[in-house]
Amino acid sequence: TWKLGLSYTPIDDLRLRYTVSRDIRAPTLYELFAGDQAARGGFFDAHSGRNDNVIPLSSGNPDLKPILSTNFDVSVEWYFAPRALLAASVFYMDLKDYVSYGQETRQYMTYITTNPQGYLADYVLTVPVNSDGKVKGVELTYEQPIGDNFGINANYTYADGEQDDGRDLVGTSKNTYNIGAYFENDRFNSRLNYTYRSEFYSGLD
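Residues numbered from 1 in each chain as written. Predicted model: local features only at pLDDT ≥ 70, side-chain atom pairs only at ≥ 80, totals over all residues. Heavy atoms only, no water.

### Comments concerning the nonpolar core
(1) Moving on: In terms of nonpolar packing, the biggest core is built from 11 residues, these being Leu64, Ile67, Phe91, Leu95, Tyr98, Val99, Tyr101, Val135, Ala159, Leu169 and Val170.
(2) Moving on: In terms of residue count, the dominant contributor to this core is strand S6 (residues 84-112) (5 residues).
(3) Moving on: Apart from the residues lying within four places of it in its own chain, the contact partners of Val170 are Tyr98, Val99, Ser100, Tyr101, Tyr201, Ser202 and Gly203.
(4) Moving on: If you look at the next biggest cluster of nonpolar residues, it comprises 5 residues, including Tyr108, Ala121, Leu125 and Val127. (Core = buried A, V, L, I, M, F, W, Y, C linked by side-chain atoms within 4.5 Å. Buried < 20%, exposed > 50% of the residue type's maximum accessible area, 1.4 Å probe, protein only. Helix = DSSP H or I, 4+ residues; strand = E, 2+ residues; numbered from the N terminus. Contact = heavy atoms within 4.5 Å.)

### A closer look at the side chain of Ser198
(1) Moving on: Relative to the helices and strands, Ser198 is located in the segment after strand S10 (189-197).
(2) Moving on: Here Lys174 takes part through its backbone nitrogen, which lies 3.3 Å from a polar atom of the side chain of Ser198. (Polar contact = N/O pair within 3.5 Å; in protein donor to acceptor, adjacent residues only side chain to side chain.)

### Digging into unusual backbone geometry
(1) Moving on: Backbone geometry places Asp13, a non-glycine residue, at a positive phi of 75°.
(2) Moving on: The topology assignment puts Asp13 in the loop between strand S1 (2-11) and strand S2 (14-25).
(3) Moving on: Despite not being glycine, Asp97 shows a phi value in the positive range, around 60°.
(4) Moving on: Considering the arrangement of structural elements, one finds Asp97 in strand S6.
(5) Moving on: The exposure class of Asp97 is buried, given its relative accessible area of 13%.

Now the structure itself:
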């Protein structure tokens, strides 16, 4: 992991920033889990009319690679009053081995009433897989005190993310914003925030 940042102040209270960074993150333990998640039912035995076998639904993937993200960010910051900020930035993230979801066929011993000794059957599982993707977007930030102790803050992010194959990027909301207010003095600090994020692709139908 590394980060390179450049800052330039063309006039008082105005600052331009350019940042390049690279981050690496391991997949979560849930994504690496090698076992299969199963549910009872879902296979109908026409001879007996019973749903009496276990069908695997999803599985982890212990072969997942670490996620590598290369990030570019350009921002303009205007400090228009003491403790006040108005900023805008554009960003771009290049993701390698991002964790998405795919499907693979595996064979499992299956038991039904007409074949109590069992047989190998093909099942289609949803599994986490590595994929490449990109995220680009814009972020707006505003913060301003009101009097000596009160203040308000807000930020908005638009993020357009997709995998290299054109599918939606898992976990990426196009619109996210936060609105908050605060009170602070030398002894006490209190903040109230509201956060919103739009719908996002979870990787499962």
